[in-house]
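Listed below, chain by chain, are the residues.
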Amino acid sequence: MTEFEIEQEKKGIIRQYRKLLRHAKPFLKDDDAKVIKRAFNMSQEAHKNMRRISGEPYISHPLAVAQICVEEIGLGTTSIISALLHDVVEDTELEIEDIERHFGKKVARIIDGLTKISGVFDYGTSQQAENFRKMILTLSDDVRVILVKLADRLHNMRTLDSMPEHKQIRVSSETIYLYAPLAHRLGLYAIKSELEDLYLKYSEPVKYDETVDKINVSKAPRERFVRNFISPIQKELNKRNIKFTIKGRPKSIYSIWNKMTSQEISFEKVYDLFAIRIILDLPPEMEKAGCWQVYSVVTDYYQPNPDRLRDWVSTPKSNGYESLHTTVMSKTGTWVEVQIRTKRMDEIAEKGYAAHWKYKESDQSSPESGLEVWIRKVREMLGREDATAIEFVDDFKHSLFNEEIFVFTPKGELKKLPGGASALDFAFEIHSEVGARCIGAKVNLKLVPINYKLKTGDQVEILTSNKQKPNDGWLSFVVTSKALTRIKDELKEQKKSAAADGKEIVMRKLKQVKLDLNSENLDKLLDRFNLKSALDFYFLVGKGKIDPKEIKKIKISVDTPRKLPQQSVSDIESFQRKIKEVTGEKRDQLLIGEDMDIVQYSLAPCCNPIPGDDVFGFVSTHEGIKIHRISCPNATELLSKHGHRVVKAKWTSQSEVSFLAGLKIRGTDRVGMMNDVTRIISSELKVNMRSVSIESDNGIFDGSIQLYVHDTKHLDVLTKKLENIEGVEEVARFDVH
Ligand code: MN
């Protein structure tokens, strides 16, 4: 670089910094400007030898992030400082303690949060889910962590061009998977649409360019259309002395593309390419009446579609969005969406959270904002002790995406629930006890079952009974985290009490054969029934799923240690001799499940056979007989080279013993996919899972699950059920090693 270039670069940075201060100025108090200057200097010094991949000095990135915080989210000094310093702890020598010493606890906590959540979305690991959960934890700490993170992500997406292609795809999938919904949930519509558009730009570059071209080409006729459409409305509003502005804005590229793909239509067929927005300048007390007055004017000229009236003025969305939407028929025969709102509502819609707080301060009487309610719900989800990180991410995504429904109590009180909520969700919303005892409901005075899906406007009365108890079927039709949490807690309690009964039975049975319930014997029992936890074992006994008589059988293996010579066979003759000796019959077949006490055998770890599989026994030199599947990758070699060591083997019925099997699942990802899969496995079919790993890449869902099944029939049922899940393309068994 020449001296001149270095000079130019420095000037550019100073310009960028001055612009930031200029925009921040209206918010600044006392010596805020000085503190911001110190943060800028510290960050510049720390990053001084670093450059972005694009070649720019690194400091331009934190500056740009701070600029977004101020200009596009409307945040103040604390966030500006945090944005300027957001990468220093992660990427430079500076420590969190340095930040705290210079800028205090608040900023240090935000930076700490931001540092912890970097690299959150490393796909394909459950660590990713765990990290994500940590990130959301900071949401209850200080929502600014998430807002600065969104600004950071937005700038990275805006400058993604300089990244290598595989990174572009990874970063943009993360963005569409979580950041865009998160922005939506926080009410940051402008940022949300931009993130979505940028996602499309990098994941579907050709489609993106085509759509942009078409939007541009249609610009002139569209503007003409808008002018004609609004002209009578403008005249009428002027006549009535209403202050307003009207915009005809095309919808986002992503939303247009989304319509084209989801409805399989061409660009020309997307009727709502744009929306007309009428923004009124009105004092708070006249807002509602004003919006409806304008609605009345619009519908005097154009016929509205009664199905498409949305009144978020009377009942704002949880993220704070307020607006009155209607879709009307234009004179040229196309539908046009008209959005009517005030300046205040418009600012909230664009800037979300921050704008919301600005207005809230002046309005003391306003009830708890929807956003606070949502954050409280997130905390509730986090409070669930037994929730796995993956479950959490699923629940959380669910809560981000869902549209809301509005329903009423018998007394007319309004309740907001996520779309898809059932009568049972409503019951839990009223009170956890009401939920736990719910046996049905009356919706609009008609009797319905507890899994009835509620619709906006429903009036719901819950019916309860003291005899009612939650069961795991309930998990399949509740969607609120509150209901999920309570039901799972209750089921855990039920399991504990069944397990306590089971433990009593086990002790009694062991006593009958003069054995104690010590850890050694317990291990033998778990081994025998192929279970991992004592709780599961006691529970199955308590529920009568394990025959108590089977428990006594471990006496034999306790009394006769495994390595005894008479138990181990090293050739077929000794096997047949042994069988004859003990059973008195002459047979050349091993009965798996029955002959356990006569000869030593085990399931081969290379193919993990399960009952129902075609199998054979292979007499090994030292470890007794190994059972392999006929389809085992080693089978050909064993059968062809060592035929003399092969024993026929057959399964006997033993439905309560579980065997390890693996399933691979592939399909298209969607919200709740993970939940549906785990629900089918664990609650519907009550199968224990040993491990689950899921990868999601560009909307493709790739999972492998290890689980315990009774036999191939059981596995087939499970496979069929999984195949029926919406989006699942393929389910196949794989060998667990
Ligand atoms: Mn950054």
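Here, the structure is the one placed above.
Residues numbered from 1 in each chain as written. Predicted model: local features only at pLDDT ≥ 70, side-chain atom pairs only at ≥ 80, totals over all residues. Heavy atoms only, no water.

**Student:** Outline the packing of aromatic side chains, supporting the account with residue identities and numerical values.
**Tutor:** For the structure shown, the criterion picks out 10 aromatic pairs. Ring plane angle 75 degrees and centroid distance 5.8 Å describe the contact between Phe225 and Phe274, whose orientation is recorded as edge-to-face. Of this pair, Phe225 sits in helix α12 (residues 219-239) while Phe274 sits in strand β2 (residues 274-280), and the two are 49 residues apart along the sequence. What makes Phe274 buried here is its relative accessible area of 10%. Chaining the aromatic ring pairs together yields one cluster made of Phe225, Phe229, Phe274 and Tyr302. The ring of Phe539 has Lys495 lying over it, and the distance from NZ or CZ to the ring centre is 5.2 Å. Above the ring of Phe734, the side-chain terminus of Lys664 is found at 4.4 Å from the ring centroid. (Phe/Tyr/Trp six-rings, centres within 6.5 Å; stacked < 30°, edge-to-face > 60°. Helix = DSSP H or I, 4+ residues; strand = E, 2+ residues; numbered from the N terminus. Buried < 20%, exposed > 50% of the residue type's maximum accessible area, 1.4 Å probe, protein only. Lys NZ or Arg CZ within 6 Å of the ring centre and 35° of its normal.)

**Student:** Please provide a residue-by-residue account of the coordination of the manganese ion, values included.
**Tutor:** Taken together, the protein ligands of the manganese ion are His61 (NE2), His86 (NE2), Asp87 (OD) and Asp152 (OD), with distances of 2.2 to 2.4 Å. Mapping the donors of the manganese ion onto the primary sequence yields the spacing H-x24-H-D-x64-D. Taken together, the positions of His61 in helix α3 (residues 60-71) and Asp152 in helix α8 (residues 144-158) put the pair 91 residues apart, joining distant regions of the chain. Side by side, His61 and Asp152 carry an identical accessibility label, which is buried. (Donors = N, O, S within 2.8 Å, 3.2 Å for Na, K, Ca; no water.)

**Student:** Before we move on, can you summarise helix α4 (residues 77-84) with the specific residues and values?
**Tutor:** Burial runs high along α4: eight of the eight residues are buried. Looking at α4, one finds that the buried residues are Thr77, Thr78, Ser79, Ile80, Ile81, Ser82, Ala83 and Leu84.

**Student:** Can you lay out unusual backbone geometry for me, pointing to particular residues and giving the numbers?
**Tutor:** A positive phi angle is found at Leu445, which is not glycine, with a value near 75 degrees. By the element assignment, Leu445 lies in the loop between β9 (438-443) and β10 (446-448). Even without being a glycine, Lys514 presents a positive backbone phi close to 60 degrees. Looking at the element boundaries, Lys514 is found in the loop between α21 (481-512) and α22 (519-528).

**Student:** Kindly report on the nonpolar core, identifying the contributing residues and their values.
**Tutor:** Leu84, Leu85 and Ile99 are the most contacted members of the largest nonpolar core, which has 53 residues in total. Each residue touching Leu84, except ones within four places of it in the same chain, is listed here: Leu20, Ile36, Ala39, Phe40, Ser43, Pro62, Leu63 and Ala66. (Core = buried A, V, L, I, M, F, W, Y, C linked by side-chain atoms within 4.5 Å. Contact = heavy atoms within 4.5 Å.)

**Student:** So what about helix α19 (residues 423-430)? Which residues, and what values?
**Tutor:** Across the eight residues of α19, seven count as buried, placing the element largely inside the fold. Of all the residues in α19, the buried ones are Ala423, Leu424, Asp425, Phe426, Ala427, Phe428 and Glu429.

**Student:** Got a sec to walk through the sheet that holds β9? Specific residues and values, please.
**Tutor:** With antiparallel pairing, the three strands of this open sheet are ordered in space as β10-β9-β11. Only two strands of the sheet have a single partner each, and these edge strands are β10 and β11 (460-464). Averaged over neighbouring strand pairs, the angle between their axes works out to 30 degrees when direction is ignored. Where β9 and β11 come together, five bridges link them in antiparallel fashion. Each residue of the ladder has a partner; that of Gly440, found in β11, is Leu463. Here α19 sits on the sheet and contacts β9 and β11; the angle it forms with β11, its principal contact strand, is near 85 degrees. (Pairing = 2+ DSSP bridges. Axes fitted to C-alpha atoms, helices over the stretch in contact; angles between N-to-C directions.)

**Student:** Pulling in residues and values, what's your account of the pattern of salt bridges?
**Tutor:** Applying the stated criterion to the full structure yields 26 salt bridges. Here Glu194 makes a salt bridge to Arg158, at a shortest N to O gap of 2.6 Å. In this pair, Glu194 is assigned in helix α10 (residues 189-203) and Arg158 in helix α8, connecting sequence segments 36 residues apart. Glu194 gets classed as partly exposed once you look at its relative accessible area, which sits at 26%. Residues Arg344 and Glu287 are paired through a salt bridge, measuring 2.9 Å at the closest nitrogen-oxygen approach. One end of the pair, Arg344, is in helix α15 (residues 343-351); the other, Glu287, is in helix α14 (residues 287-301), with 57 residues separating them in the sequence. Look at Glu287 and you get buried, because its relative accessible area is 8%. (Salt bridge = Lys/Arg side-chain N within 4 Å of Asp/Glu carboxyl O.)

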